[in-house]
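# An overview of the molecular structure
For reference, the chains in residue letters:
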Amino acid sequence: PDLTVAELVALADEALAGFPHRRLDFDVAAAGEERRPGFEALGWRALRLLYMRHVGPPPPRSELAIEEVAYEDADTLRRRWHEEDFPGQDPGDYYEQAREVALARGARVLTVRRDGEAIAFAQLEQVGDAAEIGQVYVDPARRGAGLGEALTRAAIAAAGPVTDLWISADDEDRPKRLYARLGFRPVWTSMELTKRP
């Protein structure tokens, strides 16, 4: 049966009691889209997430110097990204939990540095013959110079000859066009609805 926005909010409140945030995911974006105005009116944030699969040969690598580093070397950028998306929100122990999950999935981190400081990073996770470029982030002051594209190219190359290589993008933002130029093709779209604390 189709649940109303009020019924879904009540379900989230019950299931996530004791947690400061709320989140509901719709595997089929259209189901979330029709309820989106009601959620947004209640202060929820909607994100249409486009999942893309790489097809064809890897694109040529960038000439930019990119290095693989320890997971922790991108922590400052991860915190900047969190502050950009969730200003003023305490992440609690999220970073430690995310680190454990990422390292269990064999996470590899690629960075671009300027004057010894990481200014952009990409994270590649691989399980068996499948891989996902799970994060690509460029410091806001450095955007527009091709760093995101260079890192994505490097991550594609680092994945090697996998059967499946995935990346996801905000369906209402620019990165999906960049990923399409690099050989990623849309497969499906989901929707995440989040209520911040």
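These remarks concern the structure in this document.

Rules and cut-offs
- Residues numbered from 1 in each chain as written.
- Predicted model: local features only at pLDDT ≥ 70, side-chain atom pairs only at ≥ 80, totals over all residues.
- Heavy atoms only, no water.
- Buried < 20%, exposed > 50% of the residue type's maximum accessible area, 1.4 Å probe, protein only.
- Helix = DSSP H or I, 4+ residues; strand = E, 2+ residues; numbered from the N terminus.
- Pairing = 2+ DSSP bridges.
- Right-handed = clockwise from strand over helix to strand, strands pointing away.
- Core = buried A, V, L, I, M, F, W, Y, C linked by side-chain atoms within 4.5 Å.
- Contact = heavy atoms within 4.5 Å.
- Salt bridge = Lys/Arg side-chain N within 4 Å of Asp/Glu carboxyl O.
- Axes fitted to C-alpha atoms, helices over the stretch in contact; angles between N-to-C directions.
- Expected span 1.5 Å × (residues − 1).
- Parallel < 35°, antiparallel > 145°, perpendicular 65-115°, else oblique.
- Left-handed = near helix turned anticlockwise from the far one by under 90°.

## Describing the pairing of strand E7 (residues 164–170)
- Side chains Leu165, Ile167 and Ala169 of E7 all project onto a buried face; the interleaved residues Asp164, Trp166, Ser168 and Asp170 project onto a face where none is buried.
- Pairing analysis gives 4 bridges linking strand E6 (residues 130–138) to E7, with the strands arranged parallel. When the sheet's bridge partners are listed, glutamate 132 is paired in E7 with tryptophan 166.
- Running through helix H5 (residues 147–159), the crossover from E6 to the neighbouring parallel element E7 is right-handed.

## Quick notes on the nonpolar core
- With 26 residues, the main nonpolar core has Ile133, Leu165, Ile167, Tyr179 and Phe184 as its most contacted residues.
- When residues of this core are traced back to their parent elements, those giving at least two are strand E2 (45–54), strand E4 (108–114), strand E5 (117–127), E6, H5, E7 and helix H6 (175–181).
- Ranked by the residues each element gives to this core, the list is headed by H5, at 6 residues.
- Apart from residues lying up to four places away in sequence, phenylalanine 184 is in contact with Met52, Arg53, His54, Ile133, Thr152, Ile156, Leu165, Trp166, Ile167 and Tyr179.
- Formed by 11 residues, the second largest nonpolar core is a distinct cluster that contains Val9, Leu24, Phe26 and Leu193.

## Re the pattern of salt bridges
- Summed over all chains, the structure comprises 23 salt bridges.
- Taking the shortest distance from any N to any O, the salt bridge between glutamate 34 and arginine 35 comes out at 3.4 Å.
- Owing to a relative accessible area of 58%, glutamate 34 belongs among the exposed residues under this scheme.
- Using a relative accessible area of 11% as the deciding quantity, one classes arginine 35 as buried.
- For the salt bridge of glutamate 68 with arginine 108, the shortest nitrogen-to-oxygen distance reads 3.0 Å. In this pair, glutamate 68 sits in strand E3 (residues 67–69) while arginine 108 sits in strand E4, placing the two residues 40 residues apart along the sequence.

## What to know about the sheet that holds E5
- Taken together, 8 strands build an open sheet; the order of strands is E1-E8-E2-E7-E6-E5-E4-E3 and the sheet is mixed. In this open sheet, the two strands that pair with only one neighbour each are strand E1 (22–26) and E3. Strand-to-strand, the axes of this sheet are offset by a mean angle of 30 degrees, without reference to chain direction.
- Relative to strand E8 (residues 184–195), E2 runs antiparallel, the two being bridged by 10 bridges. Note that in E8 the partner of leucine 49 across the bridge is serine 190.
- Set on the sheet, helix H2 (residues 29–41) makes contact with E1, E2 and E8; between it and E8 the angle comes to about 30 degrees.
- Taken strand by strand, helix H3 (residues 75–85) contacts E2, E4, E5 and E6, and its axis lies near 95 degrees from that of E5.

## Describing H2
- Given a rise of 1.5 Å per residue, 13 residues ought to cover 18 Å, and the 18 Å separating the end C-alpha atoms of H2 matches this to within 8%.
- Within H2 the residues assigned to the buried category are Ala29, Gly32, Arg35, Arg36 and Phe39.
- Tucked into the core, H2 has its buried residues touching helix H1 (5–15), E1, E2 and E8.
- Of the residues trailing H2, glycine 43 is marked for its positive phi of about 90 degrees.

## Some words on the packing of H1 against H2
- Here H1 crosses H2 at 70 degrees, and the two axes come no closer than 10 Å. Relative to H2, H1 is oriented roughly perpendicular. For the crossing formed where H1 meets H2, the hand is right-handed. Here Val5, Leu8 and Val9 of H1 lie close against H2, whose contacting residues are Arg35, Gly38 and Phe39.

## Let's talk about the environment of tryptophan 166
- Here tryptophan 166 is to be found in strand E7.
- When its relative accessible area of 23% is taken as the criterion, tryptophan 166 is described as partly exposed.
- Taking the C-alpha atoms as reference points, tryptophan 166 and leucine 193, 27 residues apart in sequence, are found 22 Å from one another.
- Residues within four places of tryptophan 166 in sequence aside, it is in contact with Tyr51, Met52, Arg53, Ala131, Glu132, Ile133, Phe184, Val187 and Trp188.

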